[in-house]
Amino acid sequence: MKMLEAWRGDPLLNEMLESVEWVEGRKGFPTLRVRGVLLHSQYNPVEEARRFVSGLELSAERPVLLLGVGLGYHVAALREAGYEVACVEPNPAVLRYALERISNTESETDITKVPVATGDPDDLQSDALFQAFAEKMPSLVVHPATAQLYPVYVEKITGILSQLSLTGKRLHIAIVGPMYGGSLPIARYLVRAFEQLGHQVLFVDNCKAWPLYETMSKSIQSKRVGKQLSELASHFLSEWSYARVMEFAPDLCITMAQAPVSNTFTARLRQSGILTAFWYVENWRHFPYWKDIAPLYDAFFHIQPGVFEEQLDVAGCTHHAFIQTGCDPGIHHPVTLTEKEESVYRCDVSFAGAGYTNRIALFKGLTGIDFKIWGVNWVDRDLSRNATIHEGWFDTDTYLKIAAGSKINLNLHSSAHHYGVDPTCDALNPRVFEIAAAGGFQLCDPCIGLEQYFDTETEIPVYRSLDELREKINWYLSHEDERIEAARLAHERAINEHTYIARAQSMLDFILRNHGDKLLKKGLRIQKTVGEVVDSLDTDNTLVTWLKGLPSNVLFTHEALKPYIQSSGFGHTRAEAIFAYMTEVRQFSESLLKDRL
Amino acid sequence: MRILVVQITRMGDVIQTSPLVHALRLHHPEAHIAMMVRKMGKLVAERHPDVDEVIVYNEDNMFIDLRSRDSDRLLKAYRETEQFIDSLKAKRFDVAYNTTNSLASAMLLRLTGIPEIVGADLSDDGCFIRRGRWVNYFFTSVFCREYNDLNLCDIFRHFVRPIDSKPSLYFTLHDEDRAHASALLRANDVTENDFIVCMQLGASEDSKRWAVSRYAELARLLIETYKAKIFLVGVQEEACLGNEFMQLAPGAAVPLYGHTTLSQLGALLECSDVLITNDTGTMHVAAAVKCPVTLVSVGHVHYRETGPYGEGHCAIEYKREFLGQSDLKVRGADEHTRINSEQVLAAVRVALMAKSGGPEKQMIDNTTLANVDLYYTRMAPDSCLAFYPVIRRPMHKRDLLRLAYRAMWLRFLHCKEASDVDHDQSKVLRCLQEFIMQFDGFDADEPLHEYHKTCEEGFTALGELAAEGAELARQLLDILSGKTVHARPMTAARDYVENLMQLDEKMRLHGELHPACKPLVLIARFERDNLEGADPIDLARTTRDIYRATITCCSLLNAILDQIISLCETAFTDT
């Protein structure tokens with residue numbers, strides 16, 4: 001990318017992508033014809049360009065990236081309207097004609113200094129000038145004729161611009177959680193991950209509604225009435241979630257599996273320009289509701305590649321991506337047991353999780369070992385003879401202690417169709433990553449896809465049958481070094497490659513790639529920290545002096561600064577006094593608005 | 001001398017501030033007078049002959065940027081605010097008169113560093129205070145509205161000692177405004193000989209609106225009685241009210257919503273025979289261009305405070321027991337229809353008569369007007385606006401105290417010391433005489449003399465409490481200044497402060513038990529809450545002075561009440 005004038009004489013402009021025809025206009029303003037399409041009006045292209053620009057809904061504060069230079073009429077109109085402009089022209093030959101017209105025209109709004117790029121769009125990704133311009137989050141304007149002639153080029157530039165503009169920007173992300181269930185902790189991990197990536201996150205936490213919901217459900221005998229109440233409750237929770245999301249006004253709203261939202265939830269958010277995503281962390285075969293909801297979201301994330309993706313295509317879901325669960329090193333980490341805890345958690349083999357039929361069936365065959373089980377629904381006479389069962393719910397802290405206390409942590413994916421190991425299992429559970437991150441040695445059933453995440457020889461060995469399991473248990477119990485090494489390698493892998501931060505970033509990359517243009521069009525709230533603002537300002541400045549007294553990681557938004565603004569005037573610095581004044585203006589105006597509403 | 005007048009509320013408030021600006025001009029003929037107003041008040045300020053400069057205050061963009069949760073926009077808002085403050089600072093005003101009761105305006109003025117502020121300000125330690133006795137009166141009068149007889153324009157005007165005996169509102173019209181009005185009339189086949197009526201159906205709050213259905217009925221009556229040509233005026237947002245009107249009275253009026261600028265509206269009002277309106281900015285524009293106004297006062301509107309300023313206007317309100325505070329809840333939707341169209345027609349007649357000197361004689365109470373009160377406006381001998389009753393009726397207790405307070409405040413609030421009180425009795429007497437002549441005896445549950453005695457006892461007792469306070473404050477001052485030597489001065493001082501707090505509580509209770517005394521109790525308390533600075537000696541001195549002022553006011557009120565009673569005896573005996 002370089003100034004338009006600097007393109008004069010560039011050999012690239014001699015490349016004729018196709019025939020470009022110079023057409024003299026009726027009033028002395030020429031136009032071009034490419035593949036039969038006139039780039040500008042033959043009658044009055046200047047007026048046409050002005051009308052076009054005045055009809056655009058552009059933000060006055062943002063510069064404009066114009067796709068399609070043509071003969072420069074639209075460029076001039078944008079400059080006249082006061083916008084900072086840069087251009088990309090798909091056809092180098094068009095650019096050559098544009099330079100020719102500008103040379104021959106007097107009293108032209110000076111567009112020779114406008115940065116312009118042409119040629120291969122992939123080159124733009126590494127172009128410093130283009131990157132700098134993209135950093136300003138320009139509004140994207142596509143010259144209509146260019147959109148018609150070069151749709152693929154336009155789409156590519158749009159994607160590149162979106163990514164360059166939005167990557168690294170602080171987004172507002174709402175995550176709507178379920179009331180209860182396995183996706184609830186995952187929702188929390190995702191919230192933390194996005195926060196750690198520097199985004200502003202609202203967790204729409206519905207778990208407080210669960211006790212009421214559960215009590216209500218249990219208190220009604222009639223199935224019909226129970227269903228009615230359940231629907232009413234779900235509707236209420238959906239409205240509540242919607243209200244919270246709308247007040248936060250995010251750029252993106254991610255709904256977790258089992259979150260209590262209605263099908264209209266997405267449509268309403270999209271009407272407000274909010275991008276929507278769903279993370280389906282369930283087995284698609286067991287919970288078929290995905291068919292109804294997947295097409296409704298801008299992005300549908302799931303944890304089972306392959307067949308499910310084909311099914312999603314058939315269901316009309318055009319933007320889906322495989323995003324696996326993971327671990328949160330801030331939560332899932334090795335712990336040291338106290339002496340008292342040693343007596344509780346120390347064992348040769350453990351399992352932590354719910355007592356599904358296939359698990360009970362397999363574990364009944366693990367006799368003659370020091371075997372402890374934690375979780376619910378483990379009522380089985382045979383099993384209880386061979387294993388110490390701690391029946392009941394356990395929290396994350398306990399989970400980490402279990403992993404720390406066990407020489408071998410078993411992982412067996414649940415199945416409703418097989419006893420023991422399910423050879424068709426393709427939905428990796430979060431336990432795979434969590435045990436690894438917690439530093440525990442793990443023996444796992446060979447869930448399809450596991451080998452993509454861990455080495456099943458050196459990191460997380462697998463077993464396919466009871467016999468194999470017993471054999472590996474015996475071997476690893478007597479080979480401590482190998483066991484410790486495998487746990488170490490799995491731990492390294494988990495915290496370096498399989499964190500929720502990585503998953504969150506993958507989600508964002510997908511969304512920016514596919515829908516970044518919508519975000520760009522809507523515009524982002526630019527949120528910087530106090531430290532970033534201080535760095536960007538002149539040091540000899542009363543505002544900087546005041547800001548330097550604040551924690552540098554506080555966001556530079558009015559809401560975040562309010563606790564630091566003294567309401568009384570005593571001891572105010574000038575900057576603080578100005579902020580106090582602005583705060584009072586806002587509070588008073590909001591009180592008037594509240595009275596009116 | 002460079003003077004800034006700050007009025008950043010609504011357009012109507014800017015017009016109501018115009019007499020103050022003129023008073024400032026009379027005091028400082030060579031001064032540079034600037035007015036800071038919102039965009040909606042810009043034209044009003046520009047059309048004031050005494051205003052040299054108009055500064056537009058705009059916080060809308062700042063508000064939107066603050067709520068955007070965007071760092072760049074916050075920075076922009078900060079920079080623009082800083083620039084605005086610096087621009088005000090660069091103008092080097094010597095004094096600012098802040099007629100806006102807002103903390104934000106006080107903070108802004110403090111940031112500009114203007115050395116003297118009259119009105120809302122920040123103290124040196126950042127507390128929100130009001131400077132000026134009339135300012136304090138302005139802010140406390142809303143809590144005792146039934147005893148306030150002064151229009152806001154007069155209160156503002158008194159922020160400086162007024163020297164203008166014929167104050168008015170100011171809004172200059174230009175030839176092009178008048179030309180537009182003429183063209184508008186011609187386009188609607190209206191000649192200057194026609195009886196032209198403008199109606200303002202809207203108001204800033206629903207609670208202040210007389211029902212549209214009543215306006216429609218009135219329109220029919222006006223057409224019947226006067227062959228009136230009626231225009232509906234207001235902003236575009238009020239067009240829905242116009243639509244409602246047109247459905248009820250098709251063809252009765254020409255809607256002009258959004259069709260005129262403010263000055264063009266002024267020109268139209270200037271050639272109209274009457275404006276019938278709710279309490280609105282249009283009312284003030286009409287008053288400024290000398291168009292007779294009929295104000296239908298509903299809800300918590302208090303016509304004495306905010307009614308049309310100038311001679312020849314009329315206000316009508318439903319008879320009510322209490323006025324209550326300005327934030328009183330709407331009494332019920334039916335108040336908006338209780339005043340009927342025949343009654344307002346009667347008020348229109350009064351306004352028309354008032355234009356030519358006022359009703360020749362008061363009406364005797366009749367069934368048509370049984371449940372309403374009608375008033376017309378005159379400038380009283382004390383040069384302030386007064387609302388005179390159209391319907392002859394007995395004087396109520398409230399009237400008595402309102403007159404007494406009016407006379408007292410006008411004499412007292414400009415004085416620095418009690419000894420400065422203007423003892424010129426003649427103007428006071430003339431004023432009181434004129435008011436009392438409007439009433440037909442004294443109507444109360446206790447006879448006049450007994451009520452007088454009740455009030456006198458109340459004021460005397462309050463004066464004694466205040467004397468006690470003054471003495472305590474004096475003793476405190478003596479200890480703090482070292483005049484009185486005490487073994488443990490700080491302990492003694494704390495005891496005095498504690499005693500003063502107890503005394504304040506007694507005074508507060510006295511005000512509750514003796515409603516006639518409440519305005520004095522409130523204003524004294526307000527002034528004590530308004531104390532600024534940290535020097536205990538200054539604070540003690542000011543506290544002493546506040547109590548002394550209360551003593552003076554009580555004494556003055558008793559004296560004035562004596563005069564009123566004496567005049568009443570004469571007037572009511574003669575009738």
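Residues numbered from 1 in each chain as written. Chains lettered and ligands numbered in written order. Predicted model: local features only at pLDDT ≥ 70, side-chain atom pairs only at ≥ 80, totals over all residues. Heavy atoms only, no water.

Draft legend 1. Molecular detail of unusual backbone geometry. Phi angles above zero are rare outside glycine, and A:Q258 is one such case at about 75 degrees. Counting through the fold element by element, A:Q258 comes out in the loop between β11 (252-256) and α10 (264-271). Despite not being glycine, B:K290 has its phi angle at roughly 65 degrees, a positive value. Relative to the helices and strands, B:K290 is located in the loop between α12 (281-288) and β11 (293-297). (Helix = DSSP H or I, 4+ residues; strand = E, 2+ residues; numbered from the N terminus.)

Draft legend 2. Inspection of the confidence of the model for chain B at higher detail. All names here are of chain B. Overall, the prediction assigns chain B a mean pLDDT of 88, with 93% of residues at 70 or greater. Taking the mean pLDDT of every element in chain B, the minimum, 68, falls on strand β13 (residues 363-364) and the maximum, 98, on strand β1 (residues 2-7). Predicted confidence for residues 324-330 stays below pLDDT 50, and this span has twelve contacts to residues more than four positions away or in other chains. Here the complex is predicted with pTM 0.77, and the ipTM for its interfaces comes to 0.89. (pLDDT = per-residue confidence, 0-100. Contact = heavy atoms within 4.5 Å.)

Draft legend 3. Spotlight on the packing of aromatic side chains. Inspection of the entire model under this criterion finds 50 aromatic pairs over all chains. Their ring planes at 15 degrees and their centres at 4.3 Å tell us that B:F195 and B:Y226 sit as a pair that is stacked. Here the residue B:F195 occupies a position in the loop between α8 (175-187) and β7 (196-200), and B:Y226 occupies one in helix α9 (residues 212-226), the gap between them amounting to 31 residues. Take B:F195: its relative accessible area is 12%, and that puts it in the buried class. Classification of B:Y226 as partly exposed rests on a relative accessible area of 24%. Ring geometry for B:Y405 versus B:W409: centroids 6.0 Å apart, planes at 25 degrees, classification stacked. Remark: B:W409 and B:Y405 occur in helix α16 (residues 397-412); sequence separation between them is four residues, near one turn of the helix. Just as B:Y405 is buried, B:W409 falls in that class too. Directly above the ring of A:W7 sits A:K2, whose terminal nitrogen or CZ lies 4.4 Å from the centroid. A cation sits over an aromatic face here: A:R101 above A:Y73, 4.0 Å from the ring centre. (Phe/Tyr/Trp six-rings, centres within 6.5 Å; stacked < 30°, edge-to-face > 60°. Buried < 20%, exposed > 50% of the residue type's maximum accessible area, 1.4 Å probe, protein only. Lys NZ or Arg CZ within 6 Å of the ring centre and 35° of its normal.)

Draft legend 4. Region of the structure containing the interface of chain B and chain A. Contacts between the two partners involve 29 residues from chain B, matched on the other side by 35 residues from chain A. Together, the buried faces of chain B and chain A total about 3000 Å²; carbon and sulfur atoms form 63% of this surface. A per-residue breakdown of the area chain B buries against chain A is headed by B:L66, B:R69 and B:Y78, which together make up 26% of the total. On the surface where chain B and chain A come into contact, there are four salt bridges. Among the ionic pairs, A:R574 bridges to B:D86, the shortest N-O distance being 2.6 Å. Scanning the region where chain B abuts chain A turns up twelve residue pairs in polar contact (both at pLDDT 80 or more). (Buried area = accessible area lost by both parts, 1.4 Å probe. Salt bridge = Lys/Arg side-chain N within 4 Å of Asp/Glu carboxyl O. Polar contact = N/O pair within 3.5 Å; in protein donor to acceptor, adjacent residues only side chain to side chain.)

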